[in-house]
Amino acid sequence: MAQPNSSTGPMTGADILVEALLREGVEVIFAYPGGASMPIHQSLTRYKDKLRTVLPRIEQGGGFAAEGYARVTGKAGVCLATSGPGATNFTTCLADAKMDSLPMVAITGQVPTKVIGTDAFQETPMVGISQQITKHQYLIQRTEDIARVIKEAFYIAQSGRPGPVLVDIPKNIQQNSIVPDWNSSMNLPGYRPDKKISDAELDKALEMIRSARRPIIYAGGGITSSGAWDELRAFAEKSRIPVAMTLQGLGTFPADHYLSLHMLGMHGTVYSNYAINEADLLLAWGVRFDDRVTGKVEAFAEHGKIIHIDIDPSELNKNKKADLPIESDIRYAIGQINRRLDEKPLTSDYTSWHRQIDQWRHDEPLKFDAVPSKIIPQQAISRLWEKVRERGWLDRTIVTTGVGQHQMWAAQYFRFNDPRMWVTSGGLGSMGFGLPSAMGAQLAYPNRLVIDIDGDGSFLMNVQELACVKTENLPVKVLLLNNQHLGMVMQWEDRFHGGNRAHTYLGLGDDKPPYPDFVTICKGFGIASKQISADSDLDAALDEMLDSDGAYVLDILVPHQEHVLPMIPSGMTVRDMIKA
Amino acid sequence: MRHLLSALVQNQPGVLAQVAGMLASRGFNIDSLAVGETEQAELSRMTFVVRGDDRVLEQVRKQLEKVVTVVRVHDISSEAFVERDLMLVRVECPQERRAELKDLVDIFRAKIVDVSRSALMIELSGTEDKVQAFVDVLRPYGIMELARTGRIALVRSSSPDRSERQSVAS
């Protein structure tokens, strides 16, 4: 089929849309067709040499895949669905991308303009539905607006604090033909994403940094979003100030660095939480003082002053009052602080502070006790990490997860040295995220190793995407930690509800084999898989998975009695930390 | 505490729903919200009365500014301003009480805009306090229907002394 001529002559709205995507540098789109988006799919076939269309097996899979793509590349992930149920299947993805500040452009077909508002077949008001779970949303009312709206959508999604943008396009708008105006300018008078730290703020920040004796950096997803990892590392090494990371900050500072305190918060390390609590200055950079980080927010970092820098002004003083709140792109801000330190180096002596932290780290490291002959989840992840490191693959291994215990163990025991290698649903905590987000990451980087570390509950939520993995020939690996339970809820039952199991058991009964049979499921999808349960089989099975050319699911039966530790219970303080 | 915020927004479908939805979903308390056109066709002005302390006000302002179609947000109550609330009220008025009510209308500089055998419709604009005072005065006569726009406001051009100018306004 001939490609439409994009420079002259009339084009359909669908062709204009696809052409506009190409102009934004889109390489892959996750798209599930339906009545109201068919013209766009027809157009996609005409552009197939330039733009890869991937068919997920539910729209949510496509949305999560777009998020995976966005997290590892920093570019907007793009997904497409039809109107009605197709579009509503995007809602969890939109909310997820909003919470974790991932750039995404979600396009939905809509019923023709003349029947909007009549409860037409597969009509849902997507703009209304998505208003509070997107950064911005559009209902395109004229074919003439497509080129401008797509330009705006990508700009909004990718600038400032990144986020998802929804573009709803009625079918007749896709079908109309017009001569597109590619030069129409954006109309965003209220959108000013560029924020930069001022000289006066720099003066004040430097003064506070220079007078601190026990400072600590609390680094979050903003470091990832703004690409500030080099600046962060330069600052930490110049200043010798230790770095604690949030779940979304992992990888922005090397885990194997002496100054890394690893993760803080509910399931963070004992030593990072102690250090935060004892610090006299908290450099809160690209963070939002999430309740899973702070616990009881009044008691969080209560002994220190706070310099909070974020590109989103609404995060400043939202959950926690800062002594110095600064609206700024974090990469620019740290760069400026580094420049000041180059001009006048820091003379502070943190020897006793480092010694104190070393003591905490030595006394209470992250640890687990092996269970004879069994494989426990922490051990499986640790061993996987060791194997990847031994092979020299750490700098090209991406890990995605579902949500729950396995996710926290992956955060604790897969130690990331590089940014954009860790893809997890943090803010929204969407189960079922692991496999589809791994697809998106793999499509972005076909030559990297992409491993979904998943739980049996989460994996089952989007298990149908194995079909997409197979048909798209994606060599995604799944390390499935199968404990037959919804482990994190089970853990809370054990700790706070006397161990009463309230619908957290997923199997058929203790006297029956584990359920479902994932190896048989994988067989049906044509995906290689193996089930193991003995620790003696772990190494060989991990090697087999890592050596496999195609997709592979390693189903590891693990005991369900393990708890994610340490744990600061929700709304409590570092003094309430559960360590055993 | 109550604050008066004024927001210039792009005059586009869905902006009101977006702003109202944001306020509701974040649990902010809004006493009134008035929307209308401005001197620029592409912009509308929304005026809010927000209840809360300074921290709530700061969040409302920042969250409003985050909405892409919101162009500018102004905390009017921190400056000298003129505010008005417009009310239409239908009050029971048998013929023998018409003179009495007409006196009240004159005292408040209100206007009778509709008359029937048993009722009057009265228009009044003014500060919220003035409108409220008029409502209180009318209540014993029997208020049948009432509609108010909510507060709208603009900052004064020059404000040498805020309290003085405000007293002139009221």
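Note that this is a predicted model, so its numbers are computed, not measured.

## Focus on the nonpolar core
- Ranked by size, the top nonpolar core spans 190 residues in total, and within it Val 105, Val 167, Tyr 218 and Trp 285 of chain A carry the most contacts.
- Residue contributions to this core peak at eight residues, all from helix H7 (residues 146-158) of chain A.
- Not counting the four nearest positions on each side in its chain, Val 105 of chain A is found in contact with Ala 76, Val 78, Ala 153, Phe 154, Ala 157, Val 165 and Val 167 of chain A.
- Within the second largest apolar cluster, 11 residues are counted, among which are Val 89, Ala 110, Val 131 and Phe 134 of chain B.

## Structural notes on the interface of chain B and chain A
- The interface of chain B with chain A comprises 18 residues on the first partner and 14 residues on the second.
- Going through the elements one at a time, helix H1 (15-25), helix H2 (54-66) and strand S4 (70-75) of chain B are the ones with two or more residues in the side of chain B that touches chain A.
- Ranked by residue count, the leading element in the side of chain B that touches chain A is H2 of chain B, at six residues.
- For the side of chain B that touches chain A, the residue count by class is five nonpolar, eight polar and five charged.

## Overview of the domain arrangement of chain A
All names here are of chain A.
- The domains assigned to chain A are domain 1 (11-178), domain 2 (199-363) and domain 3 (377-557).
- Inter-centroid distance (C-alpha atoms) of domain 1 to domain 2 is 37 Å.
- The partner domain 2 presents six residues to the six residues of domain 1 that form the contact.

## Digging into helix H3 (residues 59-73) of chain A
All names here are of chain A.
- Here H3 spans 21 Å end to end across 15 residues, near enough to the 21 Å set by a 1.5 Å rise per residue.
- Most of H3 sits out of view: 14 of its 15 residues are buried.
- Two residues or fewer after H3 comes Gly 74, characterised by a positive phi angle close to 85°.

## Brief notes about the packing of helix H12 (residues 270-278) of chain A against helix H15 (residues 351-363) of chain A
Residue and element names in this part refer to chain A.
- Contact pair H12 / H15: the axes reach a minimum separation of 8 Å and the direction vectors enclose 150°. One finds that H12 runs roughly antiparallel with respect to H15. Note on packing geometry: the crossing formed by H12 with H15 is right-handed. Residue-level inspection shows Val 270, Tyr 271, Tyr 274 and Ala 275 of H12 in contact with H15, the latter providing Ile 357, Trp 360 and Arg 361.

## Topic: the sheet that holds strand S5 (residues 104-110) of chain A
All names here are of chain A.
- Taken in spatial order, the six strands of this open sheet run S3-S2-S4-S5-S7-S6, and their pairing is parallel. Strands with a single pairing partner mark the edges of an open sheet, and in this sheet they are strand S3 (52-54) and strand S6 (136-139). Taken over all neighbouring pairs, the strand axes of this sheet differ in orientation by 20° on average, direction set aside.
- Here strand S2 (residues 28-31) runs beside S3; their pairing, made up of three bridges, is parallel. Following the sheet pairing, Phe 30 is matched in S3 by Val 54.
- On top of the sheet, H7 reaches S5, S6 and strand S7 (164-170); it is set at about 165° to S7, its chief contact.

## Quick notes on the domain arrangement of chain B
Residue and element names in this part refer to chain B.
- Assigned domains of chain B: these are domain 1 (2-79) and domain 2 (82-153).
- Summarising the inter-unit geometry, the C-alpha centres of domain 1 and domain 2 are found 28 Å apart.
- Only strand S1 (2-10), strand S2 (29-37) and strand S3 (43-51) provide two or more residues apiece to the side of domain 1 that touches domain 2.
- Take the side of domain 1 that touches domain 2: its biggest share by element is three residues, from S2.

## Details of unusual backbone geometry
Residue and element names in this part refer to chain A.
- Between Tyr 515 and the following residue, Pro 516, the backbone shows a cis peptide bond with an omega angle of -5°.
- Residue position: Pro 516 is located in the loop between helix H21 (487-496) and helix H22 (518-525).
- Cis geometry marks the peptide bond from Leu 565 to Pro 566, where omega comes out at -5°.
- On the secondary structure map, Pro 566 appears in the segment after strand S20 (552-557).
- Positioned with a positive phi, Asn 317 is a non-glycine residue whose angle comes to about 60°.

## Quick word on the environment of Arg 192 of chain A
All names here are of chain A.
- Along the chain, the position of Arg 192 falls in the loop between strand S8 (177-178) and helix H9 (199-211).
- Since 11 C-beta atoms lie within 10 Å of it, Arg 192 is described here as exposed.
- Arg 192 sits 32 residues away from Gly 160 along the chain, and the two C-alpha atoms are 8.1 Å apart.

The rules behind these values
Residues numbered from 1 in each chain as written. Chains lettered and ligands numbered in written order. Predicted model: local features only at pLDDT ≥ 70, side-chain atom pairs only at ≥ 80, totals over all residues. Core = buried A, V, L, I, M, F, W, Y, C linked by C-beta atoms within 7 Å. Buried ≥ 20, exposed ≤ 12 C-beta atoms within 10 Å, placed from the backbone. Helix = DSSP H or I, 4+ residues; strand = E, 2+ residues; numbered from the N terminus. Contact = placed C-beta atoms within 7 Å. Nonpolar A, V, L, I, M, F, W, Y, C, P; charged D, E, K, R; others polar. Domains from an automatic or database assignment. Expected span 1.5 Å × (residues − 1). Axes fitted to C-alpha atoms, helices over the stretch in contact; angles between N-to-C directions. Parallel < 35°, antiparallel > 145°, perpendicular 65-115°, else oblique. Left-handed = near helix turned anticlockwise from the far one by under 90°. Pairing = 2+ DSSP bridges.

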